[in-house]
Amino acid sequence: MIDKKAERVSGPSAGRRQLLQGGVAGALALAFPAIVRSQSDKIKIGHLTPLTGFLGALGEYAVMGIKIATEEINKAGGVMGRQLDVMTEDSVNPATASTKAQRMLDQDGATVLMGEINSASAKTIMQVAARNKRLFLQVGARSDVLRGADCNRYTFHVDIPVTVMVNAAGQALLRDGLVKGKRYFSLTADYLFGHDLAKGVKNFFTANGGSQIGDELIATDVTDFSPYLLKIRQARPDVVASNLAGNQVTNFVKQYAEFGLSYPIAGFNLNTADAWAAGDGNLAGIWPTVWHHELDTPGSKAFVAEFRRRYGKPPENHAWIEYVSLKIMAQAMNATKSTDTEKLIAYFESQAEFDILKARKGYFRSWDHQLMQEAYPFTVKPKGQAKDKWDFLQFGTAIPAPNQPLELIATTKEQNTCKM
Amino acid sequence: MQVFFLLEQVVNGLVLGGYYLLIALGLSLIFSVGGVVNLAHGAFYALGAYISLEIAKVLGFGAGAALSPIAVALLGMLFERFLLRRFYAADPILSLLVTFGLALIVEQAIRMIWGAAPLPASMPAGLKGPVILGEFMFSRYRLLLLAVVAVVLAGIWFLIHRTSFGRVVRAGIQRPDMVAALGIRLQPYMTTIVMLGVGMAALGGALFAPITVVHPAMGAEIIIVAFVVVVIGGLGSFWGVVLAAFLVGVVRGVTIHFVPAAGEASMYVLMFLVLMFRPRGLLGERIEKFE
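Residues numbered from 1 in each chain as written. Chains lettered and ligands numbered in written order. Predicted model: local features only at pLDDT ≥ 70, side-chain atom pairs only at ≥ 80, totals over all residues. Heavy atoms only, no water.

Chemist: Looking at this structure, I do not really get the overall build of chain A. What am I missing?
Modeler: Counting its secondary structure elements, chain A contains 15 helices and 15 strands. In terms of overall size, chain A behaves like a compact globule, its C-alpha atoms giving a radius of gyration of 22 Å where 420 residues would be expected to give roughly 22 Å. The C-alpha extent of chain A, read off along each of the three principal axes, is 75 × 50 × 45 Å. A buried classification covers 58% of the 420 residues belonging to chain A. Of the roughly 16300 Å² of accessible surface on chain A, 53% is carried by carbon and sulfur atoms. Between the centroid of the 48 positive side chains of chain A and the centroid of its 42 negative side chains there is a distance of 2 Å. (Helix = DSSP H or I, 4+ residues; strand = E, 2+ residues; numbered from the N terminus. Rg over C-alpha atoms; globule rule 2.2 N^0.38 Å. Buried < 20%, exposed > 50% of the residue type's maximum accessible area, 1.4 Å probe, protein only. Areas by Shrake-Rupley, 256 points an atom, 1.4 Å probe, with all protein chains shown as cover. Lys, Arg positive; Asp, Glu negative; His and termini not counted. Charge placed at Lys NZ, Arg CZ, Asp CG, Glu CD.)

Chemist: In this structure, what is going on with the overall build of chain B? I would like to understand it.
Modeler: Within chain B, the secondary structure is distributed over 11 helices and two strands. Across chain B, helices and strands are ordered from the amino to the carboxyl terminus as α-α-α-α-β-β-α-α-α-α-α-α-α. In terms of C-alpha radius of gyration, chain B reaches 19 Å, essentially the compact-globule figure of 19 Å for 291 residues. Here the C-alpha coordinates of chain B stretch approximately 60 × 50 × 35 Å along the principal axes. Taking all 291 residues of chain B together, the buried fraction comes to 54%. By sequence separation, contacts in chain B at least 24 residues apart represent 77% of the contacts at least 6 residues apart. In chain B, the 18 positive side-chain charges and the 12 negative ones have mean positions that sit 7 Å from each other. (Contact = heavy atoms within 4.5 Å.)

Chemist: Explain the sheet that holds strand β13 (residues 371-372) of chain A to me, please; I cannot follow it from the model alone.
Modeler: Two modes of strand pairing occur in sheets, parallel and antiparallel, and in both the strands are linked by backbone hydrogen bonds. Residues and elements named next belong to chain A. Taken in spatial order, the three strands make up an open sheet running β11-β12-β13, and their pairing is antiparallel. Edge positions in the sheet fall to β11 (353-354) and β13, since each has one partner strand and no second. As defined by bridge partners, strand β12 (residues 362-364) adjoins β13 across two bridges and the pair is classed as antiparallel. Bridge pairing links F364 to L371 in β13. (Pairing = 2+ DSSP bridges.)

Chemist: Is there a simple way to explain the interface of chain B and chain A in this structure?
Modeler: It is common to report an interface's size as the accessible area lost on association of the parts. Taken together, the 39 residues of chain B in the interface contact 36 residues of chain A. Each partner contributes to the roughly 3200 Å² buried at the junction of chain B and chain A, and carbon and sulfur atoms together form 52% of this total. It is B:K128, B:M137 and B:V213 in chain B that bury the most area against chain A; as a group they hold 16% of the surface buried on that side. The interface formed by chain B and chain A contains four salt bridges. Across the pair B:R252 and A:D224 runs a salt bridge, and its minimum N-O distance is 2.8 Å. (Buried area = accessible area lost by both parts, 1.4 Å probe. Salt bridge = Lys/Arg side-chain N within 4 Å of Asp/Glu carboxyl O.)

Chemist: Whenever I open this one, the state of the cysteines confuses me. Can you help?
Modeler: Disulfide: a covalent bond connecting the sulfur atoms of a pair of cysteines. Residue and element names in this part refer to chain A. Taken as a whole, this structure holds one disulfide over all chains when the rule is applied. The side chain of C151 participates in a disulfide bridge whose partner is C418; the two sulfur atoms lie 2.0 Å from each other. Note on the C151 and C418 pair: the S-S dihedral is about 90°, so by sign convention the disulfide is right-handed. In this pair, C151 is assigned in the loop between α7 (144-147) and β5 (155-157) and C418 in the segment after β15 (393-395), connecting sequence segments 267 residues apart. Residue class for C151 comes out buried when judged on its relative accessible area of 8%. Judged by relative accessible area, which is 7%, C418 ranks as buried. (Disulfide = S-S within 2.5 Å.)

Chemist: Would you mind showing me how to read the confidence of the model for chain A here?
Modeler: Do not read the predicted coordinates in detail wherever pLDDT is low. All names here are of chain A. The predicted model of chain A averages 89 in pLDDT, with 90% of residues at 70 or higher. Contacts of residues 1-16 to residues separated by more than four positions or lying in other chains number 13 contacts, the stretch itself having pLDDT below 50. Confidence over residues 26-39 falls short of pLDDT 50; this stretch has three contacts with residues more than four positions distant or in other chains. (pLDDT = per-residue confidence, 0-100.)

Chemist: Can you help me understand the packing of aromatic side chains in this one?
Modeler: Both the distance between ring centres and the angle between the ring planes are used here to describe each pair of aromatic rings. Taken as a whole and judged by the stated rule, the model has 33 aromatic pairs over all chains. Look at A:W276 and A:W390: their rings are 4.9 Å apart centre to centre, the planes differ by 80°, and that puts the pair in the edge-to-face class. Taken together, the positions of A:W276 in helix α12 (residues 272-278) and A:W390 in the loop between β14 (376-380) and β15 put the pair 114 residues apart, joining distant regions of the chain. The exposure class of A:W390 is buried, given its relative accessible area of 17%. Consider the rings of B:Y19 and B:F208, whose centres lie 3.4 Å apart with planes at 5°: the pair is stacked. Of this pair, B:Y19 sits in helix α1 (residues 2-34) while B:F208 sits in helix α8 (residues 187-208), and the two are 189 residues apart along the sequence. B:Y19 sits in the buried class, given a relative accessible area of 4%. Feature note: the residues A:Y61, A:W276, A:W291, A:F303, A:F307, A:Y311, A:W320, A:Y323 and A:W390 constitute an aromatic cluster, connected by ring pairs. Of note, A:R153 hangs over the ring of A:Y154, and the distance from its end group to the ring centre comes to 5.3 Å. Directly above the ring of B:F82 sits B:R81, whose terminal nitrogen or CZ lies 5.4 Å from the centroid. (Phe/Tyr/Trp six-rings, centres within 6.5 Å; stacked < 30°, edge-to-face > 60°. Lys NZ or Arg CZ within 6 Å of the ring centre and 35° of its normal.)

Chemist: I would appreciate a short explanation of the confidence of the model for chain B in the present structure.
Modeler: When pLDDT is averaged along chain B, the result is 91, and 98% of the positions lie at 70 or above. The ipTM for the predicted assembly is 0.91, set against a pTM of 0.85.

Chemist: Teacher, can you tell me more about the pattern of salt bridges here?
Modeler: Two side chains of opposite charge can pair, provided their charged atoms sit close to one another. Residues and elements named next belong to chain A. Enumeration according to the criterion identifies 27 salt bridges over all chains in this entry. In this structure, E72 and K327 form a salt bridge, with 2.7 Å as the shortest nitrogen-oxygen distance. On the criterion of sequence distance, the pair formed by E72 in helix α4 (residues 56-75) and K327 in helix α14 (residues 317-336) is long-range, its members being 255 residues apart. By relative accessible area, K327 is classed as partly exposed at 26%.

Chemist: Can you walk me through unusual backbone geometry in this structure?
Modeler: Glycine aside, residues mostly have negative phi, and peptide bonds are mostly found in the trans state. Residue and element names in this part refer to chain A. The step from I399 to P400 runs through a cis peptide bond, and the omega angle for that step is -5°. You can see P400 is positioned in the segment after β15. Not every positive phi belongs to a glycine, and K133 is a case in point at roughly 50°. Of note, K133 is situated in the loop between α6 (119-132) and β4 (136-138).

This is how it looks when you write it as structure tokens:
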């Protein structure tokens, strides 16, 4: 990632270099006025996502997804006749994310902000959006708090939050009799998202007659889970709940298989990339997902085919969500014929529907700005049934059922403390 | 029962210590002989994992684990010959910067070649599962890993303490000037030490690939632990590093047993305590050139 600001002030001859750059730019402006004007006509979108660290692998898919959407939109004539310019940078950590977001608005000419996977970074970008009264389409962070106590009217959330993931996996767990009267032991990622997830899981088990007998907080950079696996065996639970995130999930399932523990796994957060990275025969349990490349809708099939053509592998859920998020943003801009923050907010709050390549369309709930959409539980295919290395997840049916309202699996107004 | 649970964590910590040792011993050897802190050591560990997966695709898991360290050792030879060699006599800050830069370059190169998404890696199904001894549970795979570490350790010990090669290396650690005065060039010895060191790191990467996430930054994750082990063990001491590796593994396990939240901080507290009472590390020798 090139940090333009740092580059500009570096070096002893910065003054002279700036002068030269300015001179060249000026000369170019005189020589090619048309090019310069079309450059400034672009709609600039500030896009931040983790490209390094424990969520970096997901960020790579996010960038692949938004690239396809950008090219498709621009090829079809752009938005209101203007090309989209998505400026992607590594958000690194919460502090850097907020600094970069502010710079994108102040200096880089970003009209709106998009992106994120890390809940803690999403939170700081949300603050930047509110302070500057600019729109932030929060794409991939899943903490409930972002849509609850920390919500603000400048931020809209695309991914399914903790509550929906718990409900999606929870329905399958109830069906298999793994909740009522069962004692569970959980491992929890030790940061904002993990704590949030642990709370949701605890509420779910308590509400359905299960009980917690242990919960370990795991630092995000832990790679060896063996001491925790021993503690699980010592506690002899009925179910092991995974409230982990990113690489943690992969490390956990690999070592769980290595030690051959037999307690069923109730997983509440898993991205397809983490599942793929687990390797043959290592993944087990019941997990939720927001989207999967085997989803049988015409839109998803077309997207998967295009993604495979370009990158030679199926898209991960973060590729899908970035793809549909940019399409959502483009639809809003086209419909309002504007990039104005207030007009875009009004459009989203009108609960306009968006095609998100699922069987049912999604819409942003007006009072807490979360996208209402289907979610899916999945299990792992029995050994020998996978067609290739991408295909070992047994994809479940969408919840809620087609005849139920989408809001059924989201937080209720009583549960959600969001006040705009 | 509580005592038994604790004992189980201690034994598991020892197993984990064996794995730390594989990475830390090479780091310690390179530092002791060349006076260079090789911050790129983790990068060789990561390369070991990635290359083993490539080999395993064609020749299977065992061949991957056996051949990848050799391939990485050859890379290590180039690294020593063309880069590291220039910095033995220089200000330590230069070698720190160079090896740190190399670590970043390798990490990014891995990202460019294999992608940022972690690669799937599995062990042969026969190695999976627990071994139950009385009330104790071990991972079969980790016991195998420990056996490999023991063999490697014995080999290195023999090489350093019972061969003419080792005599020169040990003399070179203490008095490189005297070795030179006797007409012995230390450079080929140093090349061999670097090859052995990074080869061991690569073996660690290859053996740990099936049970951890294989991703570009995996080297950065391990280098800190390895460094802590070397500091606790003390420079120039073979047994110091061995002791420290097992100690760090056990202290982490025991801490997680009692205060899980402090598990990852425990090794730094241990390092702090050791350095307070023994500034040269547990079994660190007085090495004149570093004083």
